[in-house]
Amino acid sequence: MMNKLYIGNLSPAVTADDLRQLFGDRKLPLAGQVLLKSGYAFVDYPDQNWAIRAIETLSGKVELHGKIMEVDYSVSKKLRSRKIQIRNIPPHLQWEVLDGLLAQYGTVENVEQVNTDTETAVVNVTYSTRGEAKTAIEKLSGHQFENYSFKISYIPDEEVSSPPPPQRAHRGDHSSREQGHGPGGSSQARQIDFPLRILVPTQFVGAIIGKEGLTIKNITKQTQSRVDIHRKENSGAAEKPVTIHATPEGTSEACRMILEIMHKEADETKILNISSHSLLACKISAEKSTDNTETPRTEEIPLKILAHNGLVGRLIGKEGRNLKKIEHETGTKITISSLQDLSIYNPERTITVKGTVEACASAEMEIMKKLREAFENDMLAVNHQANLIPGLNLSALGIFSTGLSVLPPPAGPRGPPPAPPYHHFATHSGYFSGLYPPHQFSPFPHHHAYPEQEVVNLFIPTQAVGAIIGKKGTHIKQLARFAGASIKIAPAEGPDVSERMVIITGPPEAQFKAQGRIFGKLKEENFFNPKEEVKLEAHIRVPSSTAGRVIGKGGKTVNELQNLTSAEVIVPRDQTPDENEEVIVRIIGHFFASQTAQRKIREIVHQVKQQEQKYPQGVTSPRSK
């Protein structure tokens, strides 16, 4: 989509050539015509990144014929809808802070980070209504955060400017392959595209591409893969991200070929460097090698795999067992970058593998197997949530901080993602909508009449209470407002307790948001070891009459529940019901495991209640006949 810019506050003496020269001098070349009016003008940029660069470089900063120019998006009142753009966001700003700020002015449906080369971050925000977007612009324009002042503009809403074209299936449509459809297959049977992302030294990019692209074409042809080298990203960086889309076998083979190319190029470069030394140096070298001839060899070039932080814990395994096993079996040395390296632009950690080409290639296969398995488990959990929570809009939750986001970013350049159909994060990490088109999660086919309000008691480490509350209660208030839930921290039961109880009251979607944020906060603030997942205990109350159904005959139901969700579910048999004739069910596990278990148990309770309403006491159900 073309990005039309408005250039205002122009002197009557300004010409179109003046504007072209000014833009050109600042390396902002104009491809199209300049539409000049009296006192203002319009220009088009096909790329949003260039449009942002022009706004940031020129607006309020450049004088032309004695007047300071104003540059902004040209969005007619008709197209001023729900979408706004926020620029000049501090790169170290935590997502939950930004989420809380945005949520003050309405329901945020989506937040999409824009890929720019500016030091600060840029996001496109979609509110649920025009009025909310208007309020956000009025309130947030010029908002100060530390030494940064937010800059906000309307941006065109494609849904308003043009209705979406009808969905049609075209023969030979390559997009079906991108999304993993088989020939004539349904979307339910499609294979999840989980690409391999690696970092390669910039000096080897040319060799990987080859003359006229022949080398990379050969790689893609032999491995039936798509290899994207993001050369334009991180200008001047020592390494460039490469994304490989293929089957697991094709991915590994393409990775091996790239490793071989890099090693070959490094060897040839080393030989050329040696040959450029003085004749005397070469002669001495030759004399020294008379007895022991060696082929010049560079240092090992490590394989660097990028993986989303939310998947890395399961790759490492308990006490590092998974990594140690891979190292032992492949003869490699594997290290993982620190959590401190995560930022607003980069939710990925770098897995560095050192060894021979063969060893690194073998390690890549094992590493990707673990990452893919963790990812697929998370996707199953996400789909369970979509089915079990009525009306849950997963693409608009935005529940996680960078420390917990469970789904990787889309297969684009490292940092901010590419253009649609991918949408990076939905009100922060959006890793639900980030990798998959929104229709994958909605509409939800199952609608159950769950109670309006649910109460969950979540237990957190005592030392984490301050982080959850925040300075003067700001964080817990933001969290409650964002989730639409009541969140209270119960008084400590004694002076030396190791855990405190957080009481969360709200409907299912609010529970999902609030609990997700708490899990994420604990991970982000390092209350858990970087190598382990955040596992918390949650208590929910169920009618004592349904406890037996939760357990099942011989414990069958509860065992199946634990196998399905990976959570530990405990229903104490010797409980005395409370005044409401309810007993506690304990659930222990990581976020998705806990959520799925909670929803399943609520579903069992709901089914029992339905049966009781349909067949009151004294009325025999057909099943019992």
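Residues numbered from 1 in each chain as written. Predicted model: local features only at pLDDT ≥ 70, side-chain atom pairs only at ≥ 80, totals over all residues. Heavy atoms only, no water.

Caption draft 1: The arrangement of the overall build of the protein in detail. When you go through the protein residue by residue, the secondary structure sums to 20 helices and 24 strands. Residues classed as buried in the protein amount to 50% of the 625 residues present. Restricting to contacts in the protein with at least 6 residues of sequence separation, those with at least 24 account for 72%. Accessible surface computed for the protein: about 31,500 Å², of which carbon and sulfur atoms make up 50%. (Helix = DSSP H or I, 4+ residues; strand = E, 2+ residues; numbered from the N terminus. Buried < 20%, exposed > 50% of the residue type's maximum accessible area, 1.4 Å probe, protein only. Contact = heavy atoms within 4.5 Å. Areas by Shrake-Rupley, 256 points an atom, 1.4 Å probe, with all protein chains shown as cover.)

Caption draft 2: Expanded view of the pairing of strand β13 (residues 196-201). Buried residues dominate β13, accounting for six of its six residues. Sheet topology places β13 next to strand β15 (residues 239-245); six bridges connect them, and they run antiparallel. The residue bridging Leu196 from the neighbouring strand is Ile244, located in β15. In this sheet, strand β16 (residues 303-308) lies alongside β13 in antiparallel orientation, the contact comprising three bridges. (Pairing = 2+ DSSP bridges.)

Caption draft 3: Spatial organisation of the nonpolar core. Ranked by size, the top nonpolar core spans 50 residues in total, and within it Phe23, Met69, Ile84 and Ile86 carry the most contacts. Beyond its immediate sequence surroundings of up to four residues, Ile86 is in contact with Leu102, Ala121, Val122, Val123, Val125, Leu140, Phe150, Lys151 and Ile152. (Core = buried A, V, L, I, M, F, W, Y, C linked by side-chain atoms within 4.5 Å.)

Caption draft 4: Representation of helix α17 (residues 508-524) in the model. Look at α17: 24 Å from first C-alpha to last across 17 residues, which is about the 24 Å you get at 1.5 Å a residue. Of all the 17 residues making up α17, 16 are buried; the element is thus mostly covered by neighbouring parts of the structure. Once α17 ends, the next one or two residues include Asn526, with phi positive near 60 degrees. (Expected span 1.5 Å × (residues − 1).)

Caption draft 5: Here's a closer look at the state of the cysteines. Per the counting criterion, the structure on display carries zero disulfides. Cys360 provides the cysteine sulfur closest to Cys255, a residue in no disulfide bond, and the two sulfurs are 8.3 Å apart. Judged by relative accessible area, Cys360 falls into the buried class, the value being 1%. (Disulfide = S-S within 2.5 Å.)

Caption draft 6: Up close: the sheet that holds strand β20 (residues 486-489). Pairing within the open sheet is antiparallel, and its six strands lie in the order β20-β21-β19-β22-β24-β23. Two strands close off the open sheet at either side, each with one partner strand: β20 and β23 (568-570). Going across the sheet, the axis of each strand differs from the next one's by a mean of 20 degrees, ignoring polarity. Alignment of β23 against strand β24 (residues 582-589), held across three bridges, turns out to be antiparallel. Across the sheet, the residue bridging to Ile570 is Arg586, located in β24. (Axes fitted to C-alpha atoms, helices over the stretch in contact; angles between N-to-C directions.)

Caption draft 7: Geometry of the packing of α17 against helix α20 (residues 591-614). Packing of α17 against α20 leaves a shortest axis separation of 10 Å and a crossing angle of 155 degrees. The orientation of α17 relative to α20 falls into the category roughly antiparallel. Between α17 and α20 lies a crossing whose hand is right-handed. Here α17 contributes Pro508, Gln511, Phe512, Gln515, Gly516 and Phe519 to the contact with α20, which in turn contributes Phe591, Phe592, Ser594, Gln595, Gln598 and Arg599. Considering only residue class, the contact of α17 with α20 consists of five nonpolar, six polar and one charged. (Parallel < 35°, antiparallel > 145°, perpendicular 65-115°, else oblique. Left-handed = near helix turned anticlockwise from the far one by under 90°. Nonpolar A, V, L, I, M, F, W, Y, C, P; charged D, E, K, R; others polar.)

Caption draft 8: Spotlight on the packing of aromatic side chains. Taken as a whole and judged by the stated rule, the model has eight aromatic pairs. Members of the aromatic cluster, joined through ring pairs, are Phe512, Phe519, Phe591 and Phe592. The ring of Trp50 has Arg53 sitting right over it, with the charged end atom 4.2 Å from the ring centre. The residue whose ring lies beneath Arg517 is Phe482, and the NZ or CZ to ring-centre distance is 4.0 Å. (Phe/Tyr/Trp six-rings, centres within 6.5 Å; stacked < 30°, edge-to-face > 60°. Lys NZ or Arg CZ within 6 Å of the ring centre and 35° of its normal.)

Caption draft 9: Quick look at the pattern of salt bridges. The full count for this structure, using the stated rule, is 17 salt bridges. As a salt-bridge pair, Glu253 and Arg256 come within 3.8 Å of each other at their nearest N and O atoms. Of this pair, Glu253 and Arg256 both sit in helix α9 (residues 248-275), three residues apart, roughly one helical turn. What emerges from the salt-bridge pattern is a single network uniting Glu56, Arg87 and Lys151. (Salt bridge = Lys/Arg side-chain N within 4 Å of Asp/Glu carboxyl O.)

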